Amino acid sequence: MRAFGFTEYGGPEITRLMQVEDPVPAAGQVLIRLQASGVNPADIKVRSGLRQGRIPVRFPMAMGREAAGEVLDVGPGVSGFAPGDQVFGSTAGGTGSMSELVLLEAAATAHRPAGVGVDQAASIPVSVATAFDALDELELAEGSTLLVLGAGGGVGTAACGLARLRGLRVLGVASESKRPAVEELGAVHVLKGEDWAARVRKSAPDGVDGVIDSVGGEVLREASGLLRRPVTPGPDESVLPLRSAADHDLAREVGGSPVARRRTTAVYARVAELVAAEHFTPVVSAAYPLAEAGKAVAAVEHHSPVGNVVVTA
C-alpha cells in the first residue's frame, strides 16, 4: 500500500510517499480503508522526534494519528465493528494514518453517524476531542468567561464552538485573518500580537474564569495572569483552571495542567452526536489527496491554517 511517512526522525525533507506492506489487525485493532486523515501540529513533533518516549514509532511510519474510513477487518477480541462499517478513531500504537490502509485502536474507534462527513470525523479524535476533554475538565458554570489561545486553529475553533454550546462566553485570541471564523463560532475575537492581554482585560475587566491553550510559550504564561480565580481546588492539589494542548511543562509551571486526553469510543461518539445533530461543525479549511500529503503537512507546519486540514484517499 501507499503511505506518506518517514523512515527516520527529521524535518520535512525526510518524508515521502512510499510503498509499505499492508497491515494486519492484531488483538484490539480495527483495519480500515482510508477515507480521510487529520493533519495536526503534533504530527510534526512526532516526525521530528520531539515526542520520543511519549508516542511509539515503528519505522517505516506513516504520519498522522487519526482517520475515518470503512472497516475491512478486525483483530482478535474486537466486537461491535464489522467489515463495511463507517468508523473513525485513533491509530494503533506505532502506526500512522496517512496511508491507504490504517490500523485503529478498537477502544478508540467510533461509528460515523449519518450526517457527519469523513473530513469532519477525521478531525474529531485529535483537535475536536482535545477541546471537548479540556472543557469537561474545567467544568465552568454557564455564563463563565473562557479565554481560548490560538482560537483559529483546530483545537481553538473546536473550543470556541463547543464552549458556546455550554453557555460560556468565549474570548478567542487569533490573527485578524481568522476573525471571521472565530466570530462565526460565537466567540469574541481578540487580536493576537502586542498588547493582546490588554485587549482581553478590556473585554473582561474582572478577569476570565478559564483558559484553553493551543499556543504555549510566553502567551500561555501571560494568560495565567488573566484568571479571575487564582486557584480551583482539585482532588489532590490546587490547580489553576487552565489547560494546555501545546506546552505541557509550562502549563504545570504556571499552576495549570496539560489536557488529560481520554481517547475513548464513548467520548468520540458523544462528539460525533453533536456534529450529527448540527449543534457543532468542525472547521475543515483544506483537503489534499494522499498523493499531495506533503502539501497538507506543509500547510499545517508553516502556514497556520484556519481550523483543520485533512488528507483524503
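For the structure itself, consult the block above.
For clarity, every value in this text was computed on a predicted model and none was experimentally measured. (Residues numbered from 1 in each chain as written. Predicted model: local features only at pLDDT ≥ 70, side-chain atom pairs only at ≥ 80, totals over all residues. Heavy atoms only, no water.)

Novice: Is there a simple way to think about the overall build of the protein chain in this case?
Specialist: Of the regular secondary structure elements, the protein chain holds 10 helices and 17 strands. A compact globule built from 313 residues would reach a C-alpha radius of gyration of about 20 Å, and the protein chain, at 19 Å, matches this within 12%. For the protein chain, the spread of C-alpha atoms along the three principal axes comes to 60 × 40 × 40 Å. Within the protein chain, the proportion of its 313 residues that are buried is 53%. A fraction of 68% describes how many contacts in the protein chain between residues 6 or more apart in sequence connect residues 24 or more apart. (Helix = DSSP H or I, 4+ residues; strand = E, 2+ residues; numbered from the N terminus. Rg over C-alpha atoms; globule rule 2.2 N^0.38 Å. Buried < 20%, exposed > 50% of the residue type's maximum accessible area, 1.4 Å probe, protein only. Contact = heavy atoms within 4.5 Å.)

Novice: What's the story with helix H10 (residues 293-302) in this structure? I'm lost.
Specialist: One turn of an α-helix holds 3.6 residues; hence residues three or four places apart share an orientation. Taken as a whole, H10 has its buried residues at Ala293, Ala296, Val297, Ala299 and Val300. For H10, the angular spread of the buried residues around the axis is 155 degrees, confining them to a single face. Away from the buried face of H10 by more than 90 degrees, exposed residues Lys295 and His302 are located. The inward-facing, buried residues of H10 contact strand S1 (2-6), strand S3 (29-39), helix H1 (41-48), strand S16 (284-289) and strand S17 (308-312). At the exit of H10 stands serine 304, carrying a positive phi of roughly 50 degrees. (Arc of directions from axis to C-beta.)

Geometric descriptors of this kind do not, in isolation, establish any biological role.
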